[in-house]
Amino acid sequence: MRCILIFYNLNDILFSKYDKKFSKHFRKLAKNQGLLDENSKNEQNGVSNNVLIQLFSPIVTSQQIMTSQFGNSYTSIQCFDGTNMVFDEYMGFLFVHIGLQEIAWMKRMLSVCICLAQHLCGPDVTELKTNSDRGELLSHLIDTWHYLADNDQACLVEAVEQLSVNPELNITVIKALREAANKMKSSVDHSKCHALIFVENKLLSLYSSRDADDLGAADILFLNILNEGYHRQHVTEAEAESDLEGNSSEEFYSPPSSPVRITTNSGNQDSVYSDLVILSGNGNFSPHIVHMSTLSEGVSLLLLYQTSHEALCTGLHDAFSALVLIQNIQMSENGEEGVRKVLEILDGAMKRIFDTLKKNKSHNTPHVETITKQLHSKWDQLKKKLQEVVKEREGSLEVDSLSTGLHVLLQSLLRLTCLDNTGLTRGEDAAELVTHQVRASLTDFTAFLKVKAIRNFTLGSRTSLTINKYLEEFPGLVHFMYIDRANHRVTAPSLDFSSEETVNLTKRKIWSMVELSRNHLQDGHMAVMWKDTTFNYAYYLWFEDNTGSPIKPKVCPTTTVKTLPVPGIMCGDFYRRLTEVCFPKSVASKVRCYELYCIHLGLATSSCVLEHSRRLAATIFEVTGQPNPLDIL
């Protein structure tokens, strides 16, 4: 039984996604409480939002009181019947996950849901309700993430697996991507472009134009999920009906429009799927147009370019955050000081918004100009009232009214600018032309790349050394995952999930190992070894300086790690935050973080596991090409 709900205020559900077991269970509860007609037999209609609101209103009300008056909201609730509920908030919106799974897993999934919503809607989640396409896409991307996290080890550990090819082919690919990016720049009149190729779920190569901000690993992961979701939507009608009838128990559904389909220009390889997303890998919030196309089966080309609203989007994000804080701070004991700080934040955000609109007048439509005038007026009123609250400690009701009015205007401005997708079609013709050119450039290599993605065995500068041969140097080592958390790149032997034995034994053990390691990491344990009847397991997290010399944390993270996001990068960069906690006065760029997972046969001794782990981490450059001396413990 699974369900995700997004609440806005007490009486509005922006988004609901649940499986059939949830629908059946809550229809039963609704009937028992008289909220649903006993004669209603149409199970496929799910549960109406009105019924969900009535069932959840006591919990939502309690949660909001705990947040606004006590600053101590619920994170989870465990029921006697085994049902768990997990809560999280973003921009004043309450996200709720109900299910029978473990609390830790449910928290991760809910955090990923928030991350996906941020990429699709920016700071205004009400877009999920006003724009049905956004809600349907979010629903499908949640399913896609669940599929990838359950089948791809790189997605499991929230890292990027680089498809390694020989230098000659790499030069050919980079040249093709550079030409593609330059062609898109000239066609769409945007100088900040990216071109990247995925082979299955592995990144082959990325080219960014000189003016473009770097794509962060979290952005690349999101684009991988978006791309995989695009291809998973291209199923036949018969397959879709089959899924609805009996094979969709592992996925959510959002009645009555699941599975979601995207209509492309045609049904062949030349189809281009275009969308507008918000990326934030560079620390700012930047709207991007993305065009996705297929070069050959399993090989995808993504073309991105920044719109002209990066500064505006970041300013809007800060303004939305400040308005949410205003609502909560007024209820707290230190409301006066809190309002003063929020006033400073909101004042800076509004100045950035107005300055950006003034500089980009050429992009302002009559509607935007009208909104801008109204914003000036409403902000002047709110600013004056907030200053009075700081001085006289009165006027909270008027602040609520004015901040609500400002919030509505900011929502309109966001939709008219940062979330405006009217320019999507302008780049599609250029994207189709570029796709043809890249396909022609790589036509001799696409079959090889497809095979390479299945067995990514040649992983470095020495093409004669395969990762399987490398493993022969470590008798008893079954599997390992080495992750450079500076760029979130993972190196690991490929897994063949076509073998039932691999799925039943090795895969389940690996997934379980990662989950247990994360739990210990959240308790502040950076080195863990354990065993079961089949395997020995080891997990290490350590730090190095820029010379590759190991350095020990200056501050023990055992207590403060509890305040960090869940381990990963989609829900906030846990590893960057952990580095900041462990090295509070160090420059972040001078401290590198690494992770290593190892599985050995059960007969291996602890000393053997430790010796192998040290040697593997110290010699991993033989297959990655990157030197890395190390002292794990």
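Concerning the overall build of the protein chain
Next up, step 1: Counting secondary structure elements, the protein chain contains 20 helices and 17 strands.
Next up, step 2: A separation of at least 24 residues holds for 69% of the contacts in the protein chain among residues at least 6 apart in sequence.
Next up, step 3: Of the roughly 28,400 Å² of accessible surface on the protein chain, 50% is carried by carbon and sulfur atoms.

Topic: the sheet that holds strand S4 (residues 84–90)
The strands that make up a sheet are held in pairs by hydrogen bonds between backbone atoms, and each pair lies either parallel or antiparallel.
Next up, step 1: Taking strand neighbours across the sheet as the criterion, the five strands line up as S2-S1-S5-S4-S3 in an open arrangement whose pairing is antiparallel. Whereas interior strands pair on both sides, the edge strands pair on one side only; in this sheet they are strand S2 (13–18) and strand S3 (76–78). Looking at each pair of strands side by side, their axes are set apart by 10 degrees on average, direction ignored.
Next up, step 2: Where strand S1 (residues 2–7) meets strand S5 (residues 93–99), six bridges bridge the pair, whose relative direction is antiparallel.

Describing the pairing of S2
Next up, step 1: Judged by how many residues are buried, S2 sits mostly within the fold: six of six residues are covered.
Next up, step 2: Both S1 and S2 contribute to a ladder of five bridges, which runs antiparallel. Note that in S2 the partner of Ile-4 across the bridge is Lys-17.

Looking at the nonpolar core
Next up, step 1: Counting residues in each nonpolar core, the largest one holds 154 residues, and the members touching the most others are Ile-197, Leu-346, Met-350 and Leu-410.
Next up, step 2: Top element by residues in this core is helix H3 (residues 103–121). It accounts for twelve residues.
Next up, step 3: Counting 21 residues, the second-largest nonpolar core is a separate cluster that includes Leu-5, Phe-22, Phe-87 and Ile-98.

Quick word on the packing of aromatic side chains
Next up, step 1: Within the structure shown, the criterion is met by 14 aromatic pairs.
Next up, step 2: Seen from their ring centres, Tyr-8 and Phe-93 are 4.9 Å apart, and the 35 degrees between their planes marks the pair as tilted. Within this pair, whereas Tyr-8 is found in the loop between S1 and S2, its partner Phe-93 is found in strand S5, the two being separated by 85 residues in sequence.
Next up, step 3: Taking relative accessible area as the criterion, Tyr-8 reaches 22% and is therefore assigned partly exposed.
Next up, step 4: Taking relative accessible area as the criterion, Phe-93 reaches 1% and is therefore assigned buried.
Next up, step 5: Where Tyr-539 meets Tyr-597, the ring centres are 4.8 Å apart and the plane angle is 45 degrees; that geometry is what we call tilted. With a gap of 58 residues between them, Tyr-539 in strand S15 (residues 535–544) and Tyr-597 in strand S17 (residues 592–601) connect regions that are remote in the sequence.
Next up, step 6: Judged by relative accessible area, Tyr-539 falls into the buried class, the value being 0%.
Next up, step 7: Among the residues examined, Tyr-597 registers a relative accessible area of 2% and is labelled buried.
Next up, step 8: Put simply, the rings of Phe-7, Tyr-18, Phe-22, Phe-26 and Phe-56 touch in pairs and so form one group of aromatic residues.

Remarks on the packing of helix H7 (residues 167–188) against helix H14 (residues 428–442)
Next up, step 1: Contact geometry of H7 with H14 gives a least axis separation of 10 Å together with a crossing angle of 165 degrees. Considering their axes alone, H7 and H14 lie roughly antiparallel with respect to each other. Viewed along their axes, H7 and H14 form a crossing whose handedness is right-handed. Contact residues: Thr-172, Val-173, Ala-176, Ala-180, Lys-183, Met-184 and Ser-187 in H7; Ala-430, Ala-431, Leu-433, Val-434, Gln-437, Val-438, Ser-441 and Leu-442 in H14.
Next up, step 2: A breakdown of the residues in the contact of H7 with H14 according to their chemical character gives ten nonpolar, four polar and one charged.

A short note on unusual backbone geometry
Next up, step 1: The backbone of Glu-158 shows a phi angle near 55 degrees, a positive value even though the residue is not glycine.
Next up, step 2: With respect to the helices and strands, Glu-158 occurs in the loop between helix H6 (153–156) and strand S6 (160–161).
Next up, step 3: Positive phi, close to 55 degrees, is recorded for Glu-200, a residue that is not glycine.
Next up, step 4: Along the chain, the position of Glu-200 falls in the loop between strand S7 (193–199) and strand S8 (202–208).
Next up, step 5: On the basis of relative accessible area, Glu-200 is assigned to the partly exposed category, the value being 27%.

Describing the sheet that holds S7
Next up, step 1: The strand order S8-S7-S11-S10-S9 describes an open sheet built from five strands, whose pairing is antiparallel. Either end of the sheet is taken by a strand with one partner, and the two such strands are S8 and strand S9 (272–279). Going across the sheet, the axis of each strand differs from the next one's by a mean of 20 degrees, ignoring polarity.
Next up, step 2: One ladder, built from eight bridges, connects S9 with strand S10 (residues 286–296); its direction is antiparallel. Note that in S10 the partner of Leu-276 across the bridge is Ile-289.
Next up, step 3: Each of S7, S9, S10 and strand S11 (299–306) touches H14; the most contacted strand, S10, lies at about 45 degrees to it.

Brief notes about the pattern of salt bridges
Next up, step 1: Considering all chains together, one arrives at 16 salt bridges under this definition.
Next up, step 2: Of the charged contacts, one joins Glu-158 and Arg-108 as a salt bridge, the two residues approaching to 2.7 Å between their closest N and O atoms. Placement of Glu-158 in the loop between H6 and S6 and of Arg-108 in helix H3 is noted, with a sequence separation of 50 residues between them.
Next up, step 3: Salt-bridge contacts for Glu-580 lead to Arg-576; the nearest nitrogen and oxygen are separated by 2.8 Å.

Examining the confidence of the model for the protein chain
The predicted coordinates ought not to be read in detail in places where the model reports low pLDDT.
Next up, step 1: The share of residues in the protein chain with pLDDT of 70 or more is 85%, and the mean pLDDT across the chain is 84.
Next up, step 2: This model gives residues 243–249 a pLDDT under 50, and the stretch forms six contacts once residues within four places in sequence are excluded.
Next up, step 3: Note on residues 457–465: pLDDT is under 50 here. Beyond four places in sequence and across chains, it has 22 contacts.

Focus on the pairing of S8
Next up, step 1: For S8, the tally of buried residues reaches five of seven residues, placing the bulk of the element in the interior.
Next up, step 2: In this structure, S7 lies alongside S8, joined through six bridges in antiparallel fashion. Considered in S8, the bridge of His-194 is made with Ser-208.
Next up, step 3: Here S7 folds back onto S8 in antiparallel fashion, the turn holding two residues, of which Glu-200 has a positive phi close to 55 degrees.

Here's the deal with the environment of Ser-111
Next up, step 1: Counting through the fold element by element, Ser-111 comes out in helix H3.
Next up, step 2: Residues Ser-111 and Glu-89, spaced 22 residues apart in sequence, show a C-alpha to C-alpha distance of 9.3 Å.
Next up, step 3: The contact partners of Ser-111, leaving out residues within four places of it in the chain, are Asp-88 and Cys-571.

Things to note about H7
Next up, step 1: For H7, which comprises 22 residues, the first-to-last C-alpha distance of 31 Å matches the rise-based estimate of 32 Å (1.5 Å per residue) to within 8%.
Next up, step 2: Turning to H7, its buried residues number three or more, namely Leu-169, Val-173, Ala-176, Leu-177, Ala-180, Ala-181, Met-184 and Val-188. An end-on view of H7 places all buried positions within 135 degrees of arc, on one side of the element. For H7, exposure combined with an orientation more than 90 degrees from the buried face picks out Pro-167, Glu-168, Ile-171 and Ser-186.
Next up, step 3: In this structure Asn-166 caps H7, since a side-chain oxygen of it lies 3.2 Å from the backbone nitrogen of Glu-168.
Next up, step 4: Positioned one or two residues after H7, Asp-189 has a phi angle of 60 degrees, which is positive.

Rules behind the numbers
- Residues numbered from 1 in each chain as written.
- Predicted model: local features only at pLDDT ≥ 70, side-chain atom pairs only at ≥ 80, totals over all residues.
- Heavy atoms only, no water.
- Helix = DSSP H or I, 4+ residues; strand = E, 2+ residues; numbered from the N terminus.
- Contact = heavy atoms within 4.5 Å.
- Areas by Shrake-Rupley, 256 points an atom, 1.4 Å probe, with all protein chains shown as cover.
- Pairing = 2+ DSSP bridges.
- Axes fitted to C-alpha atoms, helices over the stretch in contact; angles between N-to-C directions.
- Buried < 20%, exposed > 50% of the residue type's maximum accessible area, 1.4 Å probe, protein only.
- Core = buried A, V, L, I, M, F, W, Y, C linked by side-chain atoms within 4.5 Å.
- Phe/Tyr/Trp six-rings, centres within 6.5 Å; stacked < 30°, edge-to-face > 60°.
- Parallel < 35°, antiparallel > 145°, perpendicular 65-115°, else oblique.
- Left-handed = near helix turned anticlockwise from the far one by under 90°.
- Nonpolar A, V, L, I, M, F, W, Y, C, P; charged D, E, K, R; others polar.
- Salt bridge = Lys/Arg side-chain N within 4 Å of Asp/Glu carboxyl O.
- pLDDT = per-residue confidence, 0-100.
- Expected span 1.5 Å × (residues − 1).
- Arc of directions from axis to C-beta.
- Polar contact = N/O pair within 3.5 Å; in protein donor to acceptor, adjacent residues only side chain to side chain.

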